[in-house]
Amino acid sequence: MDTATQKQATKGNKRPNDQSTSTNEKKKQKNEPKQTAPTTQQKSTSASAPAKSAAAKIADDKKAKLLQALSRSKHISESSSKPVSKPVAQPASSSVVKKPHQLSKPTPKPPQSVKPISTTPQNAKLTDLQAKMKKTLSGGRFRMINEQLYTTTSDIAVELFKEAPETFDIYHEGFRAQVELWPSNPVDHFIQTLSAAKIPKTKPLVIADMGCGEAALARSLLSQNTHEKQKFTVHSFDLASPNEFVVACDIRSVPLEDGVCDVVVFSLSLMGTNFIEFLEEAWRILRDGGQLRIAEVVSRFPDIDKFVEALTAIGFKLTKKDASNKMFILFDFLKKGKKAVEGDDESQPLLTPCLYRKR
Ligand SMILES: C[S@@+](CC[C@H](N)C(=O)[O-])C[C@H]1O[C@@H](n2cnc3c(N)ncnc32)[C@H](O)[C@@H]1O
């Protein structure tokens, strides 16, 4: 991998606004993400709020409650829970933002004559009951975080992930458990189709994975780069950086220059209520004619045509819509020109939250 091509460029200023029914299957269906009552959602793209509005105060309260709940359940589960995040194999030359090295304090040893009180060792086998309790707890924490991400703006999500850095791992442990129940995973679709894409001989395909999670896309695509041919450059962005593929940032504003990407991917990541800003950011970093590729949960769409209209207004042209999958809908757009129409209908949300049922 060419290190130079992986380096993060400084962000520019231009924004688009400036211008089957088997038992197994039934089980899977039961666990499909469920759409619940829509919440208020901005179609407006304004990022700056003057004084704290009532909505912002409610969002703050919600975040504070979630932080409290996270810290309470952390104490309960601490003795029996294993560390959630696994170290991931990394290529020598990915786009890297290193986390500061954390020094762990040495644990004072008990006097030799005193037997330490027995606590559950991290990797000891849990009893069935303990395992069940742990699963229930992590499921609950996952659903709380998920709801928070879908029902507030991304600045609140950024604060949450800063104040409780364990949020990413808790969320992704729960998300992985959900994915195992799905008949297919949208990120695999992107891996397959991008792997098969025609890549110019002279230059790698530059991809931004917005809300990349654990960077499955980058890990798979970058493994296809060889010394002879650098097929892909992948910029992976999420609210936290679980490994060195991922740059931590809010995807409403990523550290890339205007027009540098050939493809921008959102795989189930249009979560914040200000997701229109994420799409405008995609427009900014895409080159003219670049591809925007989106996968979202079908039940999130009250009206698919309105969603497409909103993207057209940003400056995208729909080239493909695939609704053949029962759970997910896939869209391909091309960046085309400038913002065309103003979004007007504030009352109707374009996307509703994707909340998960308690299992
Ligand atoms: C449902 S997960 C999907 C992860 C990955 N794209 C996949 O398909 O496996 C959504 C991801 O989007 C991230 N996300 C949501 N809002 C974000 C924001 N404003 N900025 C960066 N990442 C965000 C979440 O942290 C989470 O990792």
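Under the annotation held in an unreviewed UniProt entry, the protein carries the name Ribosomal RNA-processing protein 8 and is attributed to Rhizoclosmatium globosum. Annotation of the protein in UniProt includes, under Sequence similarities (unreviewed entry), the sentence "Belongs to the methyltransferase superfamily. RRP8 family." Regarding the protein, the UniProt comment filed under Subcellular location (unreviewed entry) reads as follows: "Nucleus, Nucleolus".

### Regarding the nonpolar core
Ranked by size, the top nonpolar core spans 35 residues in total, and within it V264, F266, L279, L292 and I294 carry the most contacts. In terms of residue count, the dominant contributor to this core is helix α9 (residues 275–285) (7 residues). F266 has contacts with F190, M210, I251, F278, L279, A282, L292, R293, I294 and A295, leaving out every residue within four places of it along the chain. Formed by 24 residues, the second largest nonpolar core is a distinct cluster that contains L66, I145, V179 and F328.

### Some words on the site of the ligand
Near the ligand there are 18 residues, and of these H172, G211, D238, D250 and S267 occur at the shortest range. G211 places a polar main-chain atom, nitrogen or oxygen, 2.7 Å from a nitrogen atom of the ligand. Within the contact set of the ligand, an oxygen atom lies 2.6 Å away from a side-chain nitrogen or oxygen of D238. With the chains in place, 96% of the 590 Å² that the ligand exposes on its own is no longer accessible. Here the shell around the ligand takes 3 residues from helix α6 (residues 167–181), the largest share from any one element. When grouped by side-chain class, the residues that make up the shell around the ligand number 10 nonpolar, 6 polar and 2 charged.

### Considerations on α9
When you tally the buried positions in α9, you get 11 out of 11 residues, the bulk of the element. Among all positions in α9, only F275, I276, E277, F278, L279, E280, E281, A282, W283, R284 and I285 are buried.

### Points about the environment of N146
By the secondary structure assignment, N146 is in helix α4 (residues 128–151). The sequence separation of N146 and G174 amounts to 28 residues, and the corresponding C-alpha distance is 9.2 Å. Every residue in contact with N146, bar those within four places of it in the chain, is listed here: Y171, M271, C354, L355 and Y356. Side-chain polar atoms of N146 contact the backbone oxygen of C354, separated by 2.8 Å.

### Describing the packing of α4 against α6
Axis separation between α4 and α6 bottoms out at 8 Å; the angle between their running directions is 105°. Between α4 and α6, the angle falls in the class roughly perpendicular. Residues K134, S138, R141, F142, I145, N146 and L149 of α4 lie in contact with α6, whose contacting residues are T167, I170, Y171, E173, G174, F175 and Q178. The class makeup of the residues in the contact of α4 with α6 is 6 nonpolar, 5 polar and 3 charged.

### Focus: the environment of L268
Mapped onto the fold, L268 is located in the loop between β5 (261–267) and α9. With relative accessibility at 9%, the residue L268 sits in the buried group. Expressed as a C-alpha distance, the spacing of L268 and N185, which sit 83 residues apart in the sequence, is 9.9 Å. Non-local contacts of L268, meaning those with residues more than four positions away in its chain, are made with Y150, F175, W182, P186, A295, E296, V297 and F328.

### Focus on the sheet that holds strand β3 (residues 232–238)
On the basis of which strands lie adjacent, the open sheet formed by 7 strands has the order β4-β3-β2-β5-β6-β8-β7 and mixed pairing. Looking at the sheet topology across the chains shown, the edges are occupied by β4 (246–248) and β7 (316–322). Taken over all neighbouring pairs, the strand axes of this sheet differ in orientation by 20° on average, direction set aside. Alignment of strand β2 (residues 205–210) against β3, held across 6 bridges, turns out to be parallel. Residue pairing for β3: M210 is matched across the bridge by F237.

Calculation criteria
- Residues numbered from 1 in each chain as written.
- Predicted model: local features only at pLDDT ≥ 70, side-chain atom pairs only at ≥ 80, totals over all residues.
- Heavy atoms only, no water.
- UniProt positions renumbered as here; feature names shortened; annotations may be inferred.
- Core = buried A, V, L, I, M, F, W, Y, C linked by side-chain atoms within 4.5 Å.
- Buried < 20%, exposed > 50% of the residue type's maximum accessible area, 1.4 Å probe, protein only.
- Helix = DSSP H or I, 4+ residues; strand = E, 2+ residues; numbered from the N terminus.
- Contact = heavy atoms within 4.5 Å.
- Near = heavy atom within 4 Å.
- Polar contact = N/O pair within 3.5 Å; in protein donor to acceptor, adjacent residues only side chain to side chain.
- Areas by Shrake-Rupley, 256 points an atom, 1.4 Å probe, with all protein chains shown as cover.
- Nonpolar A, V, L, I, M, F, W, Y, C, P; charged D, E, K, R; others polar.
- Axes fitted to C-alpha atoms, helices over the stretch in contact; angles between N-to-C directions.
- Parallel < 35°, antiparallel > 145°, perpendicular 65-115°, else oblique.
- Pairing = 2+ DSSP bridges.

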